[in-house]
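Letter by letter, the chains look like this.
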Amino acid sequence: MKLSKATDYALHTMFHLIKKESDKPIGVQQLAEYQDVSSTYLSKILTKLVKAGMIESISGAQGGYKLKRNKQDVNFLDIIHAIEGTAPLFECDFHHHEGCLIQSEIKNAEEKMNKHLRETKLIDLVKKEQRLS
């Protein structure tokens, strides 16, 4: 499985928003500079995060983006789904019975991975980073 660059930027953007002390919105340009990425490209990613209800967009001179969800609730899986969608990793194209053992194994592995990503909160990484520095 390979996640897109957009997911990488989304995870780092959310990490940055969770890490900051203030509730003040951050502009797209500042978020883009933080990751050394084009603000146009990052804007498309931020739009997906807004649609997923993870962040909110504030208009105006003091506008930008800020968390909409509680910091404690933001997990890896929700961010990945906001960017990549929720389609399964593997669909068996073989024309045989529904109880395909190969698909069953992959589905089991995907469920375990999703459980881990759902339980992994970004706030825990922020706390870990603070302990290490």
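All figures in this text were calculated on a predicted structure; none of them were measured in a lab.

(A) Representation of a nonpolar patch on the surface within the structure. A cluster of nonpolar side chains, namely M1, L3 and L89, defines an oily patch on the protein surface of about 300 Å² accessible area. When you line up the elements, M1 lands in the segment before α1 (5-19).

(B) Representation of the nonpolar core. By size, the foremost hydrophobic cluster in this structure holds 31 residues, and its most contacted members are M14, L42, I45, L49, I55 and I79. Only α1, α2 (28-35), α3 (39-51), β2 (64-67), α4 (76-84) and α6 (122-132) provide two or more residues apiece to this core. In terms of residue count, the dominant contributor to this core is α1 (eight residues). When residues no more than four places from it in sequence are discounted, the contact partners of L42 are Y9, T13, V28, L31, A32, Q35 and V37.

(C) Broad picture of α6. Residues L122, I123 and V126 constitute the buried set of α6. The buried residues of α6 occupy an angular sector of 105 degrees when projected down its axis, which confines them to one face. Exposed and facing more than 90 degrees away from the buried side of α6 are R131 and L132.

(D) Spatial organisation of the layout of surface pockets. In this model, the largest pocket occupies a volume close to 220 Å³. Lining the largest pocket are 15 residues; nearest its centre among them are M1, I80, G85, A87 and L89. If you list the elements that add at least two residues to the lining of the largest pocket, you get α4 and α5 (101-119). Class assignment of the residues belonging to the lining of the largest pocket gives a composition of eight nonpolar, four polar and three charged.

(E) The arrangement of the pattern of salt bridges in detail. By the definition in use, this model includes four salt bridges. Put simply, K66 and D23 hold a salt bridge, and the shortest N to O gap is 3.4 Å. Of this pair, K66 sits in strand β2 while D23 is found in the loop between α1 and α2, placing the two residues 43 residues apart along the sequence. Classification of K66 as buried rests on a relative accessible area of 18%. Exposure remark for D23: the relative accessible area of 54% places this residue in the exposed category. A salt bridge links K115 to E119, with the shortest nitrogen-to-oxygen separation between them at 2.8 Å. Here the residue K115 and the residue E119 both occupy positions in helix α5, the gap between them amounting to four residues, near one helical turn. Overall, the relative accessible area of 44% leaves K115 in the partly exposed class.

The rules behind the values
- Residues numbered from 1 in each chain as written.
- Predicted model: local features only at pLDDT ≥ 70, side-chain atom pairs only at ≥ 80, totals over all residues.
- Heavy atoms only, no water.
- Patch = residues over 30% accessible without salt bridge, like charges linked within 9 Å, V, L, I, M, F, W, Y side chains within 5 Å.
- Areas by Shrake-Rupley, 256 points an atom, 1.4 Å probe, with all protein chains shown as cover.
- Salt bridge = Lys/Arg side-chain N within 4 Å of Asp/Glu carboxyl O.
- Helix = DSSP H or I, 4+ residues; strand = E, 2+ residues; numbered from the N terminus.
- Core = buried A, V, L, I, M, F, W, Y, C linked by side-chain atoms within 4.5 Å.
- Buried < 20%, exposed > 50% of the residue type's maximum accessible area, 1.4 Å probe, protein only.
- Contact = heavy atoms within 4.5 Å.
- Arc of directions from axis to C-beta.
- 1 Å grid on protein atoms, 1.4 Å probe; cavity = no way out; pocket = protein on both sides within 12 Å on 5 of 7 lines; lining within 4 Å.
- Points joined across faces, edges and corners; volume = space filled by probe spheres on them.
- Nonpolar A, V, L, I, M, F, W, Y, C, P; charged D, E, K, R; others polar.

Keep in mind these values describe shape, not function.
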